[in-house]
Amino acid sequence: MKVAVGADHGGYVLKEAVEAALKELGAEVVDLGCFGAEVSVDYPEYGLKAAQAVASGQCDLGVVMCGTGIGISIAANKVPGVRCAVVTNEFMAEMTKRHNDANMIALGGRVITPEYAKELVKIWYNAQFEGGRHQRRIDQISDIEAMYGKHD
Ligand code: RB5
């Protein structure tokens, strides 16, 4: 699996741990920045880069990080085909893959610790989409994208 990783300055504190977790899982990491917490940068830029990598098929999955995980998830979710979930606990990490087939997750550097981020990434990565009625709901999300001109 190839996984895109992106963060702003607020999420940078998690990036190293997340990359380590992904490598422990055997994934190939594509690091799209940013590359330091000292300079204030804009999360939409990094959300977009990671989301484009996933939507284009260059990467299978993506993990994005900002202060809360919220802003960067909103940006990533503007890209057609991306389902990016903010995750703050183990249950959310598991269920967003099983039910939402989340191809990206967003984590908050001011919300969780790097060690907890590693745990959440591993749970999400290893969980399996259940399909069935959940596929129908994913298809309905795609229909909403199509209604507003966001096509896969
Ligand atoms: C940056 O200060 C902060 O707003 C950003 O990291 C994120 O939390 C936005 O949702």
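Throughout what follows, the structure given in this document is the object of discussion. Residues take numbers from 1 onward in each chain, read along the sequence in its written order. This being a predicted model, a pLDDT of at least 70 is required before a residue's local features are given, and a value of 80 or more before pairs of side-chain atoms are given or counted; all residues contribute to the totals for chains, interfaces and linings. Water and hydrogen atoms were dropped before computing side-chain values, which therefore reflect all heavy atoms in the structure.

Read from one edge of the open sheet, five strands run S2-S1-S3-S5-S4, paired in parallel fashion. Sheet topology places strand S2 (28-31) and strand S4 (84-86) at the edges, where each strand pairs with a single neighbour. Adjacent strand axes in the sheet meet at a mean angle of 25° when their direction is disregarded. Of the pairings in the sheet, the one linking strand S3 (residues 61-66) to strand S5 (residues 104-108) comprises five bridges and is parallel in character. When the sheet's bridge partners are listed, Gly62 is paired in S5 with Met104. Should any heavy atoms of two residues lie within 4.5 Å, those residues are considered in contact. Angular values range over 0 to 180 degrees, each being the angle between N-to-C directions of two axes fitted as lines to C-alpha atoms, with helices fitted over their stretch in contact. For the purposes of this entry, the term helix denotes a DSSP run of H or I that reaches at least four residues, the term strand denotes a run of E that reaches at least two, and both are numbered from the N terminus. Running over the sheet, helix H1 (residues 12-24) touches strand S1 (2-7), S2, S3 and S5 and is turned about 170° from S1. Should DSSP find at least two bridges between two strands, the strands are taken to pair.

Further remarks concern the site of the ligand. The nearness test applies per residue and asks whether one of its heavy atoms lies within 4 Å of the molecule or strand. If you check the shell around the ligand, you find Asp8, His9, Tyr43, Cys66, Gly67, Thr68, Gly71 and Arg110 and nothing else. At 2.9 Å from an oxygen atom of the ligand is found a main-chain nitrogen or oxygen belonging to Gly71. Accessible surface area values rest on a Shrake-Rupley calculation with a 1.4 Å probe, where residue burial reflects the displayed protein chains alone. Out of a free accessible area of 290 Å², the ligand has 71% covered by protein chains. Residue type decides the class: Asp, Glu, Lys and Arg count as charged, Ala, Val, Leu, Ile, Met, Phe, Trp, Tyr, Cys and Pro as nonpolar, and the leftover types, Gly among them, as polar. Tallied by class, the residues present in the shell around the ligand amount to two nonpolar, four polar and two charged. We call two N or O atoms a polar contact when they sit within 3.5 Å, provided that within protein one can donate a hydrogen and the other can accept it, with sequence-adjacent residues counted only if both atoms are side-chain atoms.

A cluster of nonpolar side chains, Ile144, Met147 and Tyr148, forms an exposed patch at the surface whose accessible area comes to about 400 Å². Checked against the element boundaries, Met147 lands in helix H6 (residues 133-147). Throughout, exposure labels follow a simple rule: accessible area from a 1.4 Å probe, protein chains only, divided by the maximum for the residue type, with under 20% read as buried, over 50% as exposed, and the rest as partly exposed. Overall, Met147 belongs to the exposed group, its relative accessible area being 61%. Any residue with relative accessible area above 30% and no salt bridge may belong to a patch, with like charges joined within 9 Å and the nonpolar Val, Leu, Ile, Met, Phe, Trp and Tyr side chains within 5 Å. A carboxyl oxygen of Asp or Glu within 4 Å of a side-chain nitrogen of Lys or Arg is what we treat as a salt bridge.

Any pair of Phe, Tyr and Trp rings, taking the six-membered ring for Trp, is counted once the centres come within 6.5 Å. Such a pair is stacked with planes under 30 degrees apart, edge-to-face with planes over 60 apart, and tilted for the rest. Considering all chains together, one arrives at zero aromatic pairs under this definition. The residue whose ring lies beneath Lys97 is Trp124, and the NZ or CZ to ring-centre distance is 5.4 Å. Any Lys NZ or Arg CZ that is within 6 Å of a ring centre and within 35 degrees of that ring's normal is treated as a charge sitting over the ring.

What follows concerns the pairing of S5. Looking down a regular strand, the side chains alternate between one sheet face and the other. Buried residues dominate S5, accounting for five of its five residues. Of the pairings in the sheet, the one linking S4 to S5 comprises three bridges and is parallel in character. Across the sheet, the residue bridging to Cys84 is Met104, located in S5.

The next point concerns the state of the cysteines. Disulfide: a pair of cysteine sulfur atoms within 2.5 Å of each other. For the structure on display, the rule yields zero disulfides. Considering cysteine sulfurs only, Cys66 is the nearest to Cys34, which forms no disulfide, with 11 Å between them. Looking at Cys84, it has no disulfide partner, and the nearest cysteine sulfur is the one in Cys66, 9.4 Å off.

Cavity means a closed set of points on a 1 Å grid over the protein atoms alone, one where a 1.4 Å probe fits but cannot get out, pocket means an open set with protein on both sides within 12 Å along at least 5 of 7 lines, and lining means a residue has an atom within 4 Å of a point. Grid points are joined across faces, edges and corners, and a volume is the space filled by probe spheres set on the points. In this model, the largest pocket occupies a volume close to 180 Å³. Breaking the lining of the largest pocket down by element, the ones donating at least two residues are S4 and H6. No other element matches H6, which puts four residues into the lining of the largest pocket.

With that settled, the discussion passes to the nonpolar core. Nine residue types can take part in a nonpolar core, namely buried Ala, Val, Leu, Ile, Met, Phe, Trp, Tyr and Cys, and a core is a set of them joined through side-chain atoms within 4.5 Å. In this structure, Val18, Leu22, Val63, Met65, Leu107, Val121 and Trp124 are the most contacted members of the largest nonpolar core, which totals 25 residues. When contributions to this core are tallied by element, the ones reaching two or more residues are S1, H1, S3, S5 and helix H5 (114-126). Among the elements that make up this core, the one with the highest residue count is H5 (six residues). Apart from the residues within four sequence positions on either side, Leu22 is in contact with Val3, Val5, Ala27, Val29, Val63, Val121 and Tyr125. Counting residues in each nonpolar core, the second largest holds 19 residues, with Val41, Val54, Cys66 and Met104 among its members.

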